[in-house]
Amino acid sequence: MTDLREQAALLALTEASPRPWHEVATLAEDVGSATAVADGSATVYDEAGSQLLQALSERTTTDMVERWSESIVDVLARVPGTHLLTVLDDEYPENLRKVFNHPPFLFVRGNLVAEDSRSVAVVGTRRASPEGRKRAHELAVQLAGRGVTVISGMAAGIDSNAHAGALDGGGRTIAVMGTGIDRIYPRENAELSEQIVNHGALISQFWPGSPPRGSNFPLRNVVTSGIAIGTVVVEANATSGAKMQARLALEHGKRVLLMEDLVMQEEWAQRYSKRRGAQVVGSVDDILDVLDKERAVPTALQLF
Amino acid sequence: MPTVSEVAISLTGICTSVPPTGSGICRICHGSPNPGFGTCWSCEAVSSRVSRPCPIVVPISLYEIPSQLHHILRHYKSDRYPRLHNEFGAQVVSLLSYFLTTHWDCIEQAVGGAWDVITTVPSSRDRDGEHPLVTAIDRVSLRDQYEPLLQRGSVAIDHLRASDDGYRVKRPLDGERILLVDDTFTSGARAQSAASRLALDGGDVVAIVPIGRVIDPAFNEAASEYWKQVRRTPFTFEACCIEAEQDEVEPW
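So, here's what we can say about the structure. Note that the structure is a prediction, hence the values are computed from the model and not measured.

As enumerated under the stated definition, the model contains two cavities of 30 Å³ or more in all. Of the pockets and cavities examined, the largest cavity occupies roughly 50 Å³. Taken together, A:Glu29, A:Arg97, B:His71, B:His75, B:Ser78, B:Tyr81, B:Leu84 and B:His85 make up the lining of the largest cavity. Partitioning the lining of the largest cavity into residue classes produces two nonpolar, four polar and two charged.

Below you can see the structure in the form of structure tokens.
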């Protein structure tokens, strides 16, 4: 785990960045140190990286780093069981590191374990039908029973049922928050969030104290897609954030698994089902087939 | 163990189809020319700086920055995260190998026959050991034809700054037909400097095959419109950008 000075420097760089946060993540990874970016001692070879490095070293002051050191200590003390993971840590989730727009840091309440790399995101609408909720719950129970970590966004509706199903199935689940780590949203999920902490983790890429801003949710969806091997959409209409996550997952080169019922009901899902990377699934076995194939890391290749 | 074709096909969703040359398409790199021009600005600029550029560029995919393909092409070279490096390396070489084997015949037809050697553009950075693309190529069947013919020369090549002296050949050439492959093609300065050097020293560079050709849709209105158009055609390994145009390729 990186020390507090590196963590504080990375958060200061993120605060100072004129560019999207994921570019700070990539730059810090390239250099291997946030303090070397902040103090301008680092060198990078690409033009865009050099420009960002210069901007960040000009804008990041030692006062900012100092202030972030204090804030990190404060939030970790205030929210028990929380730690901070950065892209500079080997423990940063590997699935997430593979996607181009991964965030520079994650506050984690609970624990992430190596087995969480075998995971699927189960997502859908907040305004779910009783059947949709039931399907999400059952699916998560079965996935959990097969040792798959269930990822979702802790929203009302499909998300909450996916988390609850994973817990009922005796498995692990990770909630990717659209708020700061210290703000449970929606409030009705306070009890559920405590259970998630004990059997997985809450993770947040936002500043502590961040409210549920509309602009947070697309970024939240990036992490929900990125940390999983694939995304299962249970029930969602064309304006749902779950449809956006399906698009992000395809951009990440991940599999998008559309439940049969969804494809029968939603025109957008029919269109998506024809796209490369998307697939219609009817059962947990269908999902596991895709999952385990995707997970095989091709360090060796067979010729055709 | 996954096959090259399985790995390549799994990347279809992050690739963008490359259009055949025609109106509004650069006749060299298949990128976006300014209205009224046959070649894009970077091919124009690069071609004016080297003596013997190669007029046939066959990109496998287009990509913008940032994107997942850019992430893979950038990080397969990084050894900071070994698992990522391995996985991205396998993906890069699968794209190249599967594309070349699928389109071997149409490239051969477009360039007037088979090639003798496949070579790469040397890395512009100092690193220990060989270029990661070479390591990757060594994992698949392309290795039989592969030979590293070039090393860095006396002039540093940078964006748009192409030079005949950017690279040196490692051995005398005697009319060998050469297919030059590279991971990325931004302005083409590196690939065309390499092509020019090989040609000046007696090689016959039949085509350049970059895995990804960078497009900046924000460059101008024409680039933005070009990007919108190319994204309408889903990428498939069954098509390549030279199949439809084999009578149209003109010497430079």
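Residue and element names in this part refer to chain A. If you walk across this open sheet you meet the nine strands as β1-β2-β6-β5-β4-β3-β7-β8-β9, and the pairing is mixed. Two strands bound the open sheet, and with one partner strand each, they are β1 (82-86) and β9 (278-281). Adjacent strand axes in the sheet meet at a mean angle of 25°, parallel and antiparallel pairs treated alike. Where strand β5 (residues 173-176) meets strand β6 (residues 200-204), four bridges bridge the pair, whose relative direction is parallel.

If you look at the interface, chain B gives 36 residues, while chain A gives 30 residues. Summed over both partners, the interface of chain B with chain A buries about 3,100 Å², with 59% contributed by carbon and sulfur atoms. The largest contributions to the chain B side of the interface with chain A come from B:Gln68, B:Tyr81 and B:Glu87, which together make up 18% of the buried area. The interface formed by chain B and chain A includes four salt bridges. Across the pair B:Arg74 and A:Asp46 runs a salt bridge, and its minimum N-O distance is 3.2 Å. Counting across the interface, chain B meets chain A through 14 residue pairs in polar contact (both at pLDDT 80 or more). At the level of secondary structure, the elements contributing two or more residues to the side of chain B that touches chain A comprise α1 (4-10), α3 (68-75) and α4 (82-110) of chain B.

Let us now look at the packing of helix α7 (residues 130-145) of chain A against helix α8 (residues 158-168) of chain A. All names here are of chain A. The geometry of α7 relative to α8 is characterised by a closest axis approach of 7 Å and an angle of 35° between their N-to-C directions. As α7 packs across α8, the resulting crossing turns out to be right-handed. Contacts between α7 and α8 involve Gly-132, Arg-133, Ala-136, His-137, Ala-140, Val-141 and Ala-144 from the former and Ile-158, Asn-161, Ala-162, Ala-164, Gly-165, Ala-166 and Asp-168 from the latter.

Below, the discussion takes up the nonpolar core. Soluble globular proteins tend to pack their nonpolar side chains together in the buried interior. In this structure, A:Leu139, A:Leu143, A:Val233, A:Leu258 and A:Trp268 are the most contacted members of the largest nonpolar core, which totals 95 residues. A total of seven residues in this core trace back to one element, the largest contributor, which is helix α1 (residues 4-16) of chain A. Three or more residues apiece are contributed to this core by two domains, here domain 1 (4-78) and domain 2 (114-293) of chain A. Counting 52 residues, the second largest nonpolar core, distinct from the first, contains B:Leu69, B:Ile72, B:Ala110 and B:Val209.

About the thresholds
- Residues numbered from 1 in each chain as written.
- Chains lettered and ligands numbered in written order.
- Predicted model: local features only at pLDDT ≥ 70, side-chain atom pairs only at ≥ 80, totals over all residues.
- Heavy atoms only, no water.
- 1 Å grid on protein atoms, 1.4 Å probe; cavity = no way out; pocket = protein on both sides within 12 Å on 5 of 7 lines; lining within 4 Å.
- Points joined across faces, edges and corners; volume = space filled by probe spheres on them.
- Nonpolar A, V, L, I, M, F, W, Y, C, P; charged D, E, K, R; others polar.
- Pairing = 2+ DSSP bridges.
- Helix = DSSP H or I, 4+ residues; strand = E, 2+ residues; numbered from the N terminus.
- Axes fitted to C-alpha atoms, helices over the stretch in contact; angles between N-to-C directions.
- Contact = heavy atoms within 4.5 Å.
- Buried area = accessible area lost by both parts, 1.4 Å probe.
- Salt bridge = Lys/Arg side-chain N within 4 Å of Asp/Glu carboxyl O.
- Polar contact = N/O pair within 3.5 Å; in protein donor to acceptor, adjacent residues only side chain to side chain.
- Left-handed = near helix turned anticlockwise from the far one by under 90°.
- Core = buried A, V, L, I, M, F, W, Y, C linked by side-chain atoms within 4.5 Å.
- Buried < 20%, exposed > 50% of the residue type's maximum accessible area, 1.4 Å probe, protein only.
- Domains from an automatic or database assignment.

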